[in-house]
Amino acid sequence: AGLDLEMELTGMLEHFHALGALLWYGGTSSLRNLVVLDAQWVIDAATCFIRNFELRDHEGEYDQQAMRSDEVAWRKLTRGQGCLQRKMLDILWQGKEFQPHKAELLDLMLKFGLIVPVPRSTDEFIVPALLQDLPSAAMPSGWPTPPPDSVARLRLHFSLVGWIGS
């Protein structure tokens, strides 16, 4: 009693999200109108660009289009630089399941840190999961030796050399 339709709807969506029945992130305006009933859809969207590109069995029609449209941008995405340009994203998300929701998907990827905008650029993103690990020889002198692979890692990437204007 005393609740308007907007308050009831928001409460219901928050409750079902808390139960894991759906995905809804009402905090930002673009995500407020997005209700995801199947989380696999979000995973499929992310794996269009977060994956092991060395496995040739994942190359599809959109990968081929992306490679042909801009070979340099494709290499920057797939060869350890982790640089995703918006034109690559537009190609990889051109399927009918993603096309109408590109803006919302982009906001979701940004919200969860799956992509990070490059400063002073509106068309370039860093994909942290695709950044190449540096060998321990590249570490500054005096730094401790890296922990074994079985230990959790935190990666901080500060260099934007070669990103701006390239």
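In what follows, the structure referred to is the one given above.
As a convention, each chain's residues are numbered from 1 in the sequence order in which they are written. Thresholds applied to this predicted model are a pLDDT of at least 70 for local features of residues and 80 or more for the giving and counting of side-chain atom pairs; totals over whole chains, interfaces and linings are not thresholded and use all residues. Here the side-chain values reflect all heavy atoms present in the structure, with hydrogen atoms and water set aside.

Caption draft 1: Region of interest: the overall build of the chain. Going along the chain from the N terminus, every DSSP run of H or I of four or more residues is numbered as a helix, and every run of E of two or more is numbered as a strand. For the chain, the helix and strand inventory stands at 7 helices and 5 strands. Secondary structure elements of the chain, listed N to C terminal, follow the sequence α-β-α-β-α-α-α-β-α-α-β-β. The criterion used for residue contact is that any of the two residues' heavy atoms lie within 4.5 Å. Contacts in the chain between residues far apart in sequence, at least 24 positions, make up 52% of those at least 6 positions apart.

Caption draft 2: Quick peek at a nonpolar patch on the surface. Nonpolar side chains (Val, Leu, Ile, Met, Phe, Trp, Tyr) are joined into patches within 5 Å and like charges within 9 Å, using only residues with over 30% relative accessible area and no salt bridge. Values of accessible area rely on a 1.4 Å probe in the Shrake-Rupley scheme; residue burial ignores everything except the protein chains shown. Salt bridges are defined by distance alone: a side-chain nitrogen of Lys or Arg within 4 Å of a carboxyl oxygen of Asp or Glu. There is a patch of nonpolar side chains on the surface, built from Leu9, Met12, Phe16 and Leu19 and spanning about 360 Å² of accessible area. On the secondary structure map, Leu19 appears in helix H1 (residues 5–19).

Caption draft 3: Spatial organisation of the pattern of salt bridges. Evaluated as defined, the whole model comprises 7 salt bridges. Here Lys87 ties to Asp70 by a salt bridge, and the two come within 2.5 Å at their closest N and O atoms. Taken together, the residues span a long stretch of sequence, with Lys87 in helix H6 (residues 86–92) and Asp70 in the loop between helix H4 (61–69) and helix H5 (71–78) at a distance of 17 residues. Between Glu124 and Lys76 there is a salt bridge, and its shortest N-O distance comes to 3.4 Å.

Caption draft 4: Structural context of the packing of helix H3 (residues 39–46) against helix H7 (residues 102–111). Lines fitted to C-alpha atoms define the axes, with helix axes restricted to the stretch in contact, and inter-axis angles between N-to-C directions lie between 0 and 180 degrees. Viewed as axis vectors pointing N to C, H3 and H7 meet at an angle of 80°, and their least axial separation amounts to 11 Å. Taken together, H3 and H7 sit at an angle that is classed as roughly perpendicular. Counting all contacts with H3, which are made through Trp41, Val42, Ala45 and Ala46, the residues of H7 involved are Leu105, Leu108 and Met109. Our angle categories are set so that under 35 degrees counts as roughly parallel, over 145 as roughly antiparallel, 65 to 115 as roughly perpendicular, and the remainder as oblique.

Caption draft 5: Region of the structure containing the side chain of Thr78. If you trace the backbone, Thr78 turns up in helix H5. We call two N or O atoms a polar contact when they sit within 3.5 Å, provided that within protein one can donate a hydrogen and the other can accept it, with sequence-adjacent residues counted only if both atoms are side-chain atoms. Only 2.9 Å separates the side chain of Thr78 from the backbone oxygen of Trp74, close enough to count as a polar contact.

Caption draft 6: Focus on the environment of Phe98. Along the chain, Phe98 falls in the loop between H6 and H7. The spatial distance from the C-alpha of Phe98 to the C-alpha of Asp44 is 9.4 Å, given a sequence separation of 54 residues. Leaving out residues up to four positions away in the same chain, Phe98 has contacts with Trp41, Asp44, Ala45, Cys48, Trp93 and Leu105.

Caption draft 7: Spotlight on the nonpolar core. By convention a nonpolar core is built from buried Ala, Val, Leu, Ile, Met, Phe, Trp, Tyr and Cys residues, the set being connected through side-chain atoms within 4.5 Å. Note on classification: 1.4 Å probe, protein chains only; a residue is buried when its accessible area is under 20% of the maximum for its type, exposed when over 50%, partly exposed between these limits. Formed by 31 residues in total, the largest nonpolar core has its most connected members in Phe49, Leu77, Leu84, Trp93, Met109, Ile115 and Val127. Contributing elements (two or more residues each) for this core: H3, H5, H6 and H7. Discounting residues that sit within four places of it in the chain, Leu84 has contacts with Phe49, Leu77, Leu89, Ile115, Asp123, Glu124, Phe125 and Val127.

Caption draft 8: How the structure looks around the side chain of Lys102. Along the chain, the position of Lys102 falls in helix H7. On the accessibility criterion, Lys102 (18% relative accessible area) is buried. Apart from the residues within four sequence positions on either side, Lys102 is in contact with Asp90 and Trp93.

Caption draft 9: Local environment of the sheet that holds strand S4 (residues 116–117). On the basis of which strands lie adjacent, the open sheet formed by 3 strands has the order S3-S5-S4 and antiparallel pairing. Taken across any chain shown, the strands that pair with only one partner, and hence form the sheet edges, are strand S3 (83–85) and S4. Both S3 and strand S5 (residues 124–126) contribute to a ladder of 3 bridges, which runs antiparallel. Paired with Cys83 across the strands is Ile126, a residue of S5. Here, strands pair whenever DSSP counts at least two bridges between them.

Caption draft 10: Representation of the environment of Gly95 in the model. Tracing the chain through its elements places Gly95 in the loop between H6 and H7. With relative accessibility at 3%, the residue Gly95 sits in the buried group. Separated by 50 residues in sequence, Gly95 and Ala45 have C-alpha atoms that sit 9.9 Å apart.

What is shown is where atoms sit, not what they do.
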